[in-house]
2 protein chains.
Amino acid sequence: MTERLIVIGGDAAGMAAASQARRRRKVDGLEIVAFERGHFTSYSACGIPYWVGGQVPERDDLIARDPATFRDKHQIDVRLRHEVTAIDLDRREVVARDLTSGGEVRERFDLLMYATGATPTHPDWARTADTQGVFGVQTLDDGAALIDWLDGTARRSPSSDRLRCRQAVVVGGGYIGVEMAEALLHHGLSVTLVDRGEQPMSTMDPDMGVLVRDALVGLGVDVRTGCAVTGLSAKDGQVTGVLTDAGEIPADVVVLGLGVRPNTALAAEAGLPLGLSGGVRVDQRMRVPDVERVWAAGDCVESLHRVTGQSVHIPLGTHANKQGRVAGINIGGGYATFPGVLGTAITKVCDLEVARTGLLEREATAAGFEFVTTRVESTSRAGYYPGAAPMTVKLIAERRSGRLLGAQIVGRSEAAKRIDALAVALWNRMTVDEMTGLDLGYAPPYAPVWDPVLIAARKAMEAVEATG
Amino acid sequence: MTERLIVIGGDAAGMAAASQARRRRKVDGLEIVAFERGHFTSYSACGIPYWVGGQVPERDDLIARDPATFRDKHQIDVRLRHEVTAIDLDRREVVARDLTSGGEVRERFDLLMYATGATPTHPDWARTADTQGVFGVQTLDDGAALIDWLDGTARRSPSSDRLRCRQAVVVGGGYIGVEMAEALLHHGLSVTLVDRGEQPMSTMDPDMGVLVRDALVGLGVDVRTGCAVTGLSAKDGQVTGVLTDAGEIPADVVVLGLGVRPNTALAAEAGLPLGLSGGVRVDQRMRVPDVERVWAAGDCVESLHRVTGQSVHIPLGTHANKQGRVAGINIGGGYATFPGVLGTAITKVCDLEVARTGLLEREATAAGFEFVTTRVESTSRAGYYPGAAPMTVKLIAERRSGRLLGAQIVGRSEAAKRIDALAVALWNRMTVDEMTGLDLGYAPPYAPVWDPVLIAARKAMEAVEATG
């Protein structure tokens, strides 16, 4: 008997699940229909800042696989511009609206994959006005709109006006915020970055975030921290400034990089259980607990944090892909589990590389850990080798046990991906003492004889010993 | 009471031990004398190819700390050009010859640190003749001699002779061999690389070594594999060619990169125990077993291979430093152990990056493992991000258990240090199945959404499943 899988959301998690399910169950055993309310499937939202910045030339470069590929190669019936508006678990049906025609369809399912992703958190002030010149950067349409604006104003500006550098204000100094600040610099705009926190990049401890601040300032970005946005000013429907608790900042364009929250309205209405983090709850196999044959994955779910043991919402393409794959294997009759996350994340600000894994100080404190922290300065290569660049490595280790709890790296080159070795150490609950012996790759063009990671482990070990 | 530590060998292991011992025991409790038969202390032998190649401008750039620093900052009495010729364990004395004056001294010790390093393996044909133009690359003096020759012949050559490109033959296609081939290319020589194996870089499996060969050939190196050297030809005391079982190869200069063996003659004579690998035996704390208060570390000892559980001789600066530190901590009254090695190693051939950790196929077979191998092609960055470079990752995983046994990477950029994540996974005895879930850093400028390491793990997992 042919069963029917309905996938809600045609991005990374949903389409990874659909593809994996198809690998295991052919079309005579499993029909797959995927509803996507947007114009695209499986695109790299993480790549949008680089598209806006010009490093990635074309929108389509960001699309991993298009609907035609899914349809023809995988026999997955992808329906774009279809928004699922209701899930009826009793009747095992979804209701979907065709956003083009306005019509509505009801579709029966045996298995359901919930992969609706996340929505940008827009505060009231950003939502109220229908103001031109205010952009999010969540979807390809968002990116296209911003690029159109940047190109259009560049063309429209009379030459006299060109002398005045266009002003951009980026609200939010997290990953997307600093990436967008860089992208706007590439367009020749004068950029102000506004963040409420002590330092930009609040996903790092402030003593590491200050390095990001210094880099941004060095690039010419006006960084305003401890600064809360209260509203926008506009003239003739076009934004003219950002209002803050420290006065108005003039703006020709405003980019919102305020993070996202799981897209769970539909799930909540249908009675799918939500966790404390706000995401849909899932079990080890990405099943929604206590609901028959319903699965969820990606930016709409919560994940187990392997260090704290608590549920967290960490929206990231790499998790969405892994979770979707796990769900798809299970839907397809295989067995796979998603083992949780460490909060590993990396980015760059021009040539400054920024990376973290595990807990920050405030997160370790909140989780109840007592810990030591150490920060070391080293270089990416042997000091005598050309191109050796400075690198700062910070470790957080549990008091007494010396167990690694978190790590952060900021450096000028070959820094970001060094977090991977630390992430694998953290995954395996290594102590900083044991880490001092790790057999990492050494050659002068790639590392000093003591890799920065090992130097940090040594210093952390001494700090652990000192506290007893 | 003041005790006396004698250190035999003033390079990485010996001086790391001396420094650590000094950190824990001040000069009124521990006198430290270090004998070094060469002209230098604590230098980076691994850096010699880059000095010869010209990337590192000065010899002294390779010297981490000079004798004056040890003497003045650490109160370590370093005696250069002093060769220890005998160890008397009963009388707790060493005999050292002053190579400058020819005089001999006897020095008493309470504690002894044996850190004599390794010696290049020179076959008979390389030892017999007193032929000019034949160079090793083990010591700074070796490097200086080769640089003098390269500079001198460049100056001496009459302009008519300059039209003929000077011919270099590098014997041995391991790390040092390929690094020296690159260095000689930088000097404008025509380079032939001779190796007995199926492919150069026999520290990789042949299917990965062939990628190194292709790169060398692409650079213009004449690679001759399956080719055994039988002797040298010379004229007027100057080398003119390398004789092989496949004929003579003309040579103006010959560089020997044939590996090293532990320097244990002195140890054997004194009755220190040697292992099957040829290195001095040591326990977890780098003590020589059954010999009171004698320690050994570095290229002269054997180490535990963490995957096979067997003793191996893997001479590498990073191990020497770690082992010396462990010995020094213990000598100083602290507690530290050396946990063994994985055989991690990285190098480059111009822009080709080469890395390995754990076992090769032939090593896994020799150790009695049954295993699967997988090889994947991916890219260093998101495919759409500028500079995304090809990368080949090979994994070897135990049959049934799926435990990782070894990994190899060859790529064009950001490849070599990716081995670290695999080395930490191997260290922790992870299975390829568990590795598919690893939370590695993802951002388009640094990795595809599935890092090459994760793609390889997925494929290896499927291979393990297929064999049952």
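Naming follows an unreviewed UniProt entry, where chain A appears as NADPH-dependent 2,4-dienoyl-CoA reductase/sulfur reductase-like enzyme of Micromonospora polyrhachis. Quoted verbatim from the Cofactor (unreviewed entry) field of the UniProt record, the comment on chain A reads "FAD".

Trainee: Please give an account of the packing of aromatic side chains that cites residues and values.
Mentor: In the structure shown here, the tally under the stated rule is 6 aromatic pairs over all chains. For the ring pair A:Tyr385 and B:Tyr50, a centre distance of 5.2 Å and an interplane angle of 85 degrees mean the geometry is edge-to-face. Taken together, the residues A:Tyr385 in the loop between strand E23 (371-379) and strand E24 (390-398) and B:Tyr50 in helix H2 (residues 48-53) connect one chain to another. A cation over an aromatic ring shows up here: A:Arg458 above the ring of A:Trp450, its NZ or CZ 4.4 Å from the ring centre. The residue whose ring lies beneath B:Arg306 is B:Trp427, and the NZ or CZ to ring-centre distance is 3.7 Å.

Trainee: Mind laying out the domain arrangement of chain A, listing which residues take part and the relevant values?
Mentor: Often, the extent of an interface is quoted as the loss of accessible area upon association of its parts. If you check the domain split of chain A, you get domain 1 (3-42 + 56-119 + 260-331), domain 2 (124-256) and domain 3 (345-467). Between the C-alpha centres of domain 1 of chain A and domain 2 of chain A the distance comes to 32 Å.

Trainee: Run through the UniProt feature "domain: Pyridine nucleotide-disulphide oxidoreductase dimerisation" (unreviewed entry) in chain A, naming residues and quoting values.
Mentor: Here, the residues flagged by UniProt with the feature "domain: Pyridine nucleotide-disulphide oxidoreductase dimerisation" (unreviewed entry) are residues 345-448 of chain A. In residues 345-448 of chain A, helix accounts for 18% and strand for 37%; the two terminal C-alpha atoms are 24 Å from one another.

Trainee: Could you give me a rundown of the side chain of B:Arg4, with the residues and numbers involved?
Mentor: Residues and elements named next belong to chain B. Residue placement: Arg 4 occurs in strand E1 (residues 3-8). Looking at Arg 4, the relative accessible area reads 8%, which means it is buried. A distance of 3.1 Å separates polar atoms of two side chains, one belonging to Arg 4 and the other to Glu 31. For Arg 4, the residues in contact, after removing those within four places along its chain, are Leu 30, Glu 31, Val 33, Arg 79, Glu 107, Arg 108, Phe 109, Asp 110 and Leu 111.

Trainee: Please give an account of the environment of B:Thr467 that cites residues and values.
Mentor: Residue and element names in this part refer to chain B. Along the chain, Thr 467 turns up in helix H14 (residues 452-467). A relative accessible area of 39% places Thr 467 in the partly exposed class. Residues Thr 467 and Gln 238, spaced 229 residues apart in sequence, show a C-alpha to C-alpha distance of 58 Å. Beyond its immediate chain neighbours, meaning those up to four positions away, Thr 467 contacts Val 372 and Arg 399. Reaching out from Thr 467, the side chain makes a polar contact with the backbone oxygen of Val 464 at a distance of 2.8 Å.

Trainee: Give me the lowdown on the sheet that holds strand E3 (residues 76-80) of chain B, citing residues and values where you can.
Mentor: Residues and elements named next belong to chain B. With parallel pairing, the 5 strands of this open sheet are ordered in space as E3-E2-E1-E7-E18. Edge positions in the open sheet fall to E3 and strand E18 (294-296), since each of these has one partner strand only. Across the sheet, the mean angle separating the axes of adjacent strands is 15 degrees when strand polarity is ignored. The pairing of strand E7 (residues 111-114) with E18 spans 3 bridges and is classified as parallel. From the neighbouring strand, Tyr 114 faces E18, where its bridge partner is Ala 296. Packing against the sheet, helix H1 (residues 12-24) makes contact with E1, strand E2 (30-36), E3 and E7, and its axis sits at approximately 170 degrees to E2.

Trainee: Quick rundown of the interface of chain A and chain B? Include the residues and the values.
Mentor: On the side of chain B, 61 residues touch chain A, which itself brings 61 residues to the contact. Interface of chain A and chain B: buried area, both sides summed, is about 5,300 Å²; carbon and sulfur atoms make up 60% of it. Broken down residue by residue, the surface that chain A buries against chain B is led by A:Tyr384, A:Asp439 and A:Tyr446, which jointly contribute 15%. Counting the contacts that link chain A with chain B gives 4 salt bridges. Where A:Arg23 meets B:Glu462, a salt bridge forms, and the shortest distance between an N and an O atom there is 3.4 Å. Taken together, the links from chain A to chain B amount to 22 residue pairs in polar contact (both at pLDDT 80 or more). Within the residue set of the side of chain A that touches chain B, elements represented by two or more residues are helix H1 (12-24), helix H10 (317-331), strand E21 (345-349), helix H12 (419-427) and helix H14 (452-467) of chain A. Here the side of chain A that touches chain B takes 7 residues from H12(A), the largest share from any one element. A class-by-class count of the residues in the side of chain A that touches chain B yields 31 nonpolar, 15 polar and 15 charged.

Trainee: So what about H10(A)? Which residues, and what values?
Mentor: Along its 15 residues, H10(A) runs 21 Å from first to last C-alpha, staying within 8% of the 21 Å computed at 1.5 Å per residue. Burial within H10(A) is extensive, with 15 of its 15 residues counted as buried.

Trainee: For the relation of the copies chain A and chain B, give the residues involved together with the corresponding values.
Mentor: Aligned on chain B, chain A shows an RMSD of 0.0 Å; the corresponding rotation is 180 degrees and the shift along the axis is 0.0 Å. With respect to symmetry, the two chain copies, as superposed, fit the operation of a two-fold axis. In terms of proximity to the rotation axis, the leading residue of chain A is A:Ala421, whose C-alpha is 2.1 Å off the axis. Most of the interface of chain A is mirrored in chain B, where 100% of its interface residues again form contacts.

Trainee: Can you explain the pattern of salt bridges? Please cite residues and give values.
Mentor: Taken as a whole and judged by the stated rule, the model has 51 salt bridges over all chains. Between B:Arg381 and B:Glu414 there is a salt bridge; the shortest N-O distance is 2.5 Å. Here B:Glu414 lies in the loop between strand E25 (404-411) and helix H12 (419-427) and B:Arg381 lies in the loop between strand E23 (371-379) and strand E24 (390-398), a separation of 33 residues in the sequence. Connected through shared salt-bridge partners, A:Arg4, A:Glu31, A:Asp77, A:Arg79 and A:Glu107 make up one network.

Trainee: Account for the packing of H12(A) against H12(B), naming residues and giving values.
Mentor: The N-to-C vectors of H12(A) and H12(B) enclose an angle of 15 degrees; their axes lie 7 Å apart at closest approach. Classified by the interaxial angle, the pair formed by H12(A) and H12(B) is roughly parallel. Note on packing geometry: the crossing formed by H12(A) with H12(B) is right-handed. Only B:Asp420, B:Ala421, B:Val424 and B:Ala425 of H12(B) make contact with H12(A), whose side of the interface consists of A:Asp420, A:Ala421, A:Val424 and A:Ala425.

Trainee: Quick one: what's the story with the nonpolar core, residue by residue and with numbers?
Mentor: A:Leu395 and B:Leu395 are the most contacted members of the largest nonpolar core, which has 88 residues in total. The residues contacting A:Leu395, other than those within four sequence positions of it, are A:Val372, A:Thr373, A:Thr374, A:Leu404, A:Gly406, A:Ala407, A:Leu422, A:Val432, A:Ala456, A:Ala457 and A:Ala460.

Trainee: For empty space enclosed by the protein, give the residues involved together with the corresponding values.
Mentor: All names here are of chain A. Scanning the model with the defined rule gives 3 cavities of 30 Å³ or more in all. Of the pockets and cavities examined, the largest cavity occupies roughly 50 Å³. Along its surface, the largest cavity is lined by Gly 298, Asp 299, Val 301, Ser 303, His 313, Ile 314, Pro 315, Leu 316, His 319, Ala 320 and Gln 323. At 3 residues, H10 tops the list of elements feeding residues into the lining of the largest cavity. A class-by-class count of the residues in the lining of the largest cavity yields 5 nonpolar, 5 polar and 1 charged.

Quick notes on the rules
- Residue positions within a chain follow its written sequence, with the count starting from 1.
- Chain A is the first chain written and ligand 1 is the first ligand written, with later ones labelled in order.
- Per-residue local features of the predicted model are confined to residues with pLDDT of at least 70, and side-chain atom pairs are confined, for both listing and counting, to 80 or more; whole-chain, interface and lining totals are unaffected and use all residues.
- Based on all heavy atoms of the structure, the side-chain values leave hydrogens and waters out of the count.
- UniProt positions are given in the numbering used here, feature names are shortened, and annotations may be inferred rather than shown by experiment.
- Pairing of aromatic rings covers Phe, Tyr and Trp, the last through its six-membered ring, and needs centres within 6.5 Å; plane angles under 30 degrees mean stacked, over 60 mean edge-to-face, and all others mean tilted.
- Helix numbering and strand numbering both begin at the N terminus, where a helix is a DSSP run of H or I of at least 4 residues and a strand a DSSP run of E of at least 2.
- Cation placement over rings: the criterion is NZ of Lys or CZ of Arg within 6 Å of the ring centroid and within 35° of the ring normal.
- Segmentation into domains, and thus their bounds, comes from an automatic or database assignment.
- Type-normalised accessible area, obtained with a 1.4 Å probe on protein chains alone, sets the label of each residue: buried when under 20%, exposed when over 50%, and partly exposed for intermediate values.
- Think of a polar contact as two N or O atoms within 3.5 Å of one another; within protein, one of them needs to be a possible hydrogen donor and the other a possible acceptor, and neighboring residues in sequence only count if both atoms come from side chains.
- Residue contacts are defined here by distance: any two heavy atoms, one from each residue, within 4.5 Å place the two residues in contact.
- Pairing between two strands is assigned when DSSP locates at least 2 bridges connecting them.
- Axes here mean lines fitted to C-alpha atoms, for a helix over just the part in contact, with angles spanning 0 to 180 degrees between N-to-C directions.
- Put simply, buried area is the surface a 1.4 Å probe can reach on two separate parts but cannot reach once they are joined, added for both.
- The salt bridge definition used is simple: a Lys or Arg side-chain nitrogen within 4 Å of an Asp or Glu carboxyl oxygen.
- Charged residues are taken to be Asp, Glu, Lys and Arg, nonpolar residues to be Ala, Val, Leu, Ile, Met, Phe, Trp, Tyr, Cys and Pro, and polar residues to be all remaining types, Gly included.
- The span you would expect from a helix comes to 1.5 Å times its residue count less one.
- Alignment of copies: least-squares fit on C-alpha atoms of residues with pLDDT of at least 70 in both copies.
- The cut-offs work like this: below 35 degrees is roughly parallel, past 145 is roughly antiparallel, 65 to 115 is roughly perpendicular, and the gaps in between are oblique.
- By definition, turning the near helix anticlockwise from the far helix through less than a right angle yields a left-handed crossing, and turning it clockwise yields a right-handed one.
- In plain words, nonpolar cores are sets of buried Ala, Val, Leu, Ile, Met, Phe, Trp, Tyr and Cys residues tied together by side-chain atoms within 4.5 Å.
- In the cavity and pocket records, a cavity denotes points on a 1 Å grid over the protein atoms alone where a 1.4 Å probe fits but cannot get out, a pocket denotes an open set with protein on both sides within 12 Å along at least 5 of 7 lines, and lining residues are residues with an atom within 4 Å of a point.
- Grid points are joined across faces, edges and corners, and a volume is the space filled by probe spheres set on the points.

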